[in-house]
Amino acid sequence: MSVLRAEGMCKRFGGVSALDGVSLSLAAGTVHSVIGPNGAGKTTFLNLLCGIYAPSAGRVFAGERELTGAPAHAFARAGIGRTFQTPQIFLNMGALENVMAGRHLHERCGLAAALLCPPWRARAERDCREQAAQLMREVDLGQWLHAEAGALPYGALKRLEIARALAAQPEALLLDEPAAGLNARETHEIDELIRRIAARGIAVVLVEHNMRLVMGVSDRVLVLDYGRALAEGSAEEVRRDPRVIEAYLGAEALAA
Amino acid sequence: MSAALLQYLLAGLTLGAIYALVALGFSIIYNASHVINFAQGEFVMIGGMATVSFLGAGLPLAVAAALAVVVATLVGLALAKFAVEPARGASVVTLIIITIGASILLRGLATLVWDKKIHALPAFTGEDPIAIAGATIVPQSLWVIAAASAVFAILWWFFNRTLAGKAMLATSHNRLAAQLSGIGVRRVLLASFGMSAALGALAGILIAPITFTSWDAGVMLGLKGFAAAMLGGIGSGPGAVLGGLALGLAESLAAGYVSSAYKDVIAFAILLAVLVFMPGGLLGARAAERV
Amino acid sequence: MLALAAALALLPLVFANNYHYEVAILVGLNAIIAVGLNLLIGYAGQISLGHAGFFGVGAYGSAILSARYGWPQLAALAASTALTAALAYAVGRPILRLKGHYLAMATLGLGVIVSIVIATEDRLTGGPDGMGVPPLAAFGAALSGERAWYALVAALLVLSVWLALNLIESPHGRALRALHGSEVAAEAIGIDSARHKVLAFVLSAVFASVAGSLTAHYSGFITPSRVTFLHSIELVTMVVFGGMASTFGAVVGAALLTGLPQLLTVLKEYEMVVFGAVLMATMIFFPKGLVPSLAAAARRFAR
Ligand SMILES: Nc1ncnc2c1ncn2[C@@H]1O[C@H](COP(=O)(O)OP(=O)(O)O)[C@@H](O)[C@H]1O
Ligand SMILES: [Mg+2]
């Protein structure tokens, strides 16, 4: 059973076709990478997979449920989380509060309880805070627990976004270039983190340019070019695929 | 066409042309700085009031009007330099409050420099109504429509055909590119406030013979200009003209056929309906947010 | 919170006469509106230039139901609050999809519509001349005297601040702040941004409406001048002046913007000029508002 399934996704912006008939089926605990040159449609594909864009054609399912055309928060409710290419941090909040916000779907709190803050609410709030802090420590952000989000360096923001997405306890997590702009050590940390996330049974879609990272962690790789699926298969198959070598990996991959 | 309908259309066109001038001021400043200038109506007031006082000092109408435009332009430049420029980077709401402060300040100054009375400006060329197919129009309305049309044409030419105009538009689309290409973002900001102030003052001078003018005449006209700019799509020149005319016509037809007390209610209700179905206004850009 | 309650309790010690009470009551009523509006503007990041309209529905709702139809005042207050909430919900759902200046325009239009309707329907509202409003009464006793009113308004202000602070530190409050920070990211963690914007809009409208009802009863008279675009602007200014996303900032903003014009009346004809200049200078030098800017300065100083 696939956690997340997309069939024949198309997206046009005005006359421009950004994505054309791409499909994907994602199994729990696997890492599915999407690679391709800039402008290939990778981010557009993620936006379709999590409901930020409605597809021009095609359908999306989370498990058995069809979500095509539903608003993004309904996708989140169905267990699909994501991070963004340029981190979308709530800079008007504390770092810890960002992660607490990630638990939104799991907090039971009516409006009256929010306004009156009865003792059980105060306890729930403490639990939420503790769980968020735990998640931050897991992604190695323990030192930033009390910082304003805006005070964090870039690499930490990328991990904060992952912690926030994990706080929602997703079944599928879409990561848009999580290692972009990171140094070698930070990239290695992200690599480890992705493996740990998959090991928990979460399905990961990874959009990434760092080929060593992609080839190392991926169970399957989808290659996009000009909005079309050029090839799909295991990392090894894709690496050997002549069309991919021609179009994308080029001489660099042959040499490797 | 019935004479009554024609009458309402002519009145709506006159009013709409004024709204369009004010709306263009909003859009030009918005393009240069993403600021909504809530003091725009005060330029309209300054135009009318300064002309009245220069005229009172014995100057001929044309000279008085030209001087009034100069005064308003200087006020616009000062506003840009001393209030908007130092606050660059502040949030949208903060900038709105700054321009609201400016508008209160300018109204206060108007009561000090001039007075709190209502003033009339003589019509440019006579008061005798002209008959057209059963309807009548005062000569001043023709002045309004003709002058506004000329201004629209000049602005279109400026923004589409001249280097300076294209450069001003370029900064609105891409600040960084504009900076790299050597267009001074600061100069564009100043120029936009100067131009908008001149446009507002012109509107104020043109309309004063029809509706009178006073220290607080700018409030309602500023509001309508803002509404027209948003109706057309903020930042769009043709949108401002279309929005202004649409608002003027809606108001005039509503006053004629429904109720003059509810003309503004109807105009604003139409505006709300348009925005609900076209969230970027009639001609506004509809770009999806990218992440 | 306790400091505010203590300050409000001690304040009467320095009041020399009824006029001081009167100003304090008006400050308190405006502060209630500002605290509510701050939820919308400061926390959820959505502007409204039409809240005087909700104030007006509350004020005129109470006035008309109690004066013209003889309803008990508390019932009139409850009914007009419910009416405001329904109106805010009905209008908020479509217009809160608008962003930035378009939302500003739409809320402004809503406020203008309400104010014109009130000024025009003179059989009910008394038109531009306004209408009288019976004093607030409950269980057979009328609330009268500046001291009693002060106690009521101070208690309600403390209650409002308490409710607002609770809300902000709850999942709902985090959702509001989150969608302010990044709407897509908020949606991506399951926050229904449309629903939460409407929630903030309705709540802030309810605060304005209740304060409107009370203002009408307290003044004993209400005119459309309190329902105009300029009053909406004044309300937003209170929030921004004191400091967005700061509940105490909203109280300070309301106090300064209500009190300042009272002080400035000694300047007579210079009042508007000075007021406009003070407003501009404050926002230029403290773009985040007084309370957050001063708090930041104090922290820097402490280090
Ligand atoms: N919101 C949008 N509006 C218009 N065009 C877009 C939008 N988002 C993406 N595109 C276009 O779609 C294509 C794919 O973009 P994107 O998905 O961001 O590529 P990638 O992430 O692979 O670099 C590009 O040509 C881009 O310009
Ligand atoms: Mg991308």
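Residues numbered from 1 in each chain as written. Chains lettered and ligands numbered in written order. Predicted model: local features only at pLDDT ≥ 70, side-chain atom pairs only at ≥ 80, totals over all residues. Heavy atoms only, no water.

(A) Expanded view of a nonpolar patch on the surface. Taken together, the side chains of B:L109, B:L112, B:V113, C:V266, C:L267 and C:Y270 make up a nonpolar region of the molecular surface, amounting to roughly 530 Å² of accessible area. Along the chain, C:L267 turns up in the loop between α12 (247-264) and α13 (271-285). Using a relative accessible area of 31% as the deciding quantity, one classes C:L267 as partly exposed. (Patch = residues over 30% accessible without salt bridge, like charges linked within 9 Å, V, L, I, M, F, W, Y side chains within 5 Å. Areas by Shrake-Rupley, 256 points an atom, 1.4 Å probe, with all protein chains shown as cover. Salt bridge = Lys/Arg side-chain N within 4 Å of Asp/Glu carboxyl O. Helix = DSSP H or I, 4+ residues; strand = E, 2+ residues; numbered from the N terminus. Buried < 20%, exposed > 50% of the residue type's maximum accessible area, 1.4 Å probe, protein only.)

(B) Seen up close, the interface of chain C and chain A. In this complex, chain C contributes 27 residues to the contact, which on the side of chain A involves 33 residues. In total, chain C and chain A occlude about 2500 Å² of area from one another, counting both sides; carbon and sulfur atoms represent 65% of this. It is C:P171, C:R174 and C:I189 that lose the most area in chain C upon contact with chain A, and together they represent 26% of the buried surface on that side. Here chain C and chain A share two salt bridges between them. The salt bridge involving C:R174 is made with A:E125; its shortest N-O contact spans 2.6 Å. (Contact = heavy atoms within 4.5 Å. Buried area = accessible area lost by both parts, 1.4 Å probe.)

(C) Representation of the packing of helix α8 (residues 171-181) of chain C against helix α10 (residues 193-219) of chain C in the model. Residues and elements named next belong to chain C. Orientation of α8 relative to α10, taken along the N-to-C sense of each, is 110 degrees, at an axis distance of 10 Å. Between α8 and α10, the angle is such that the two are roughly perpendicular. Across from H172, A175, L176 and L179 in α8, the residues of α10 making contact are S193, R195, H196, K197, L199 and A200. Tallied by class, residues from the contact of α8 with α10 come to five nonpolar, three polar and two charged. (Axes fitted to C-alpha atoms, helices over the stretch in contact; angles between N-to-C directions. Parallel < 35°, antiparallel > 145°, perpendicular 65-115°, else oblique. Nonpolar A, V, L, I, M, F, W, Y, C, P; charged D, E, K, R; others polar.)

(D) Looking closely at the packing of helix α3 (residues 95-102) of chain A against helix α6 (residues 154-167) of chain A. Residue and element names in this part refer to chain A. It is at 6 Å that the axes of α3 and α6 come closest, and there the two elements cross at 30 degrees. The orientation of α3 with respect to α6, classified from their angle, is roughly parallel. With respect to the hand of their crossing, α3 and α6 are arranged in right-handed fashion. Across the interface between the two elements, A95, N98, V99 and G102 of α3 pack against L160, A163, R164 and A167 of α6. Residue composition of the contact of α3 with α6, by class: five nonpolar, two polar and one charged. (Left-handed = near helix turned anticlockwise from the far one by under 90°.)

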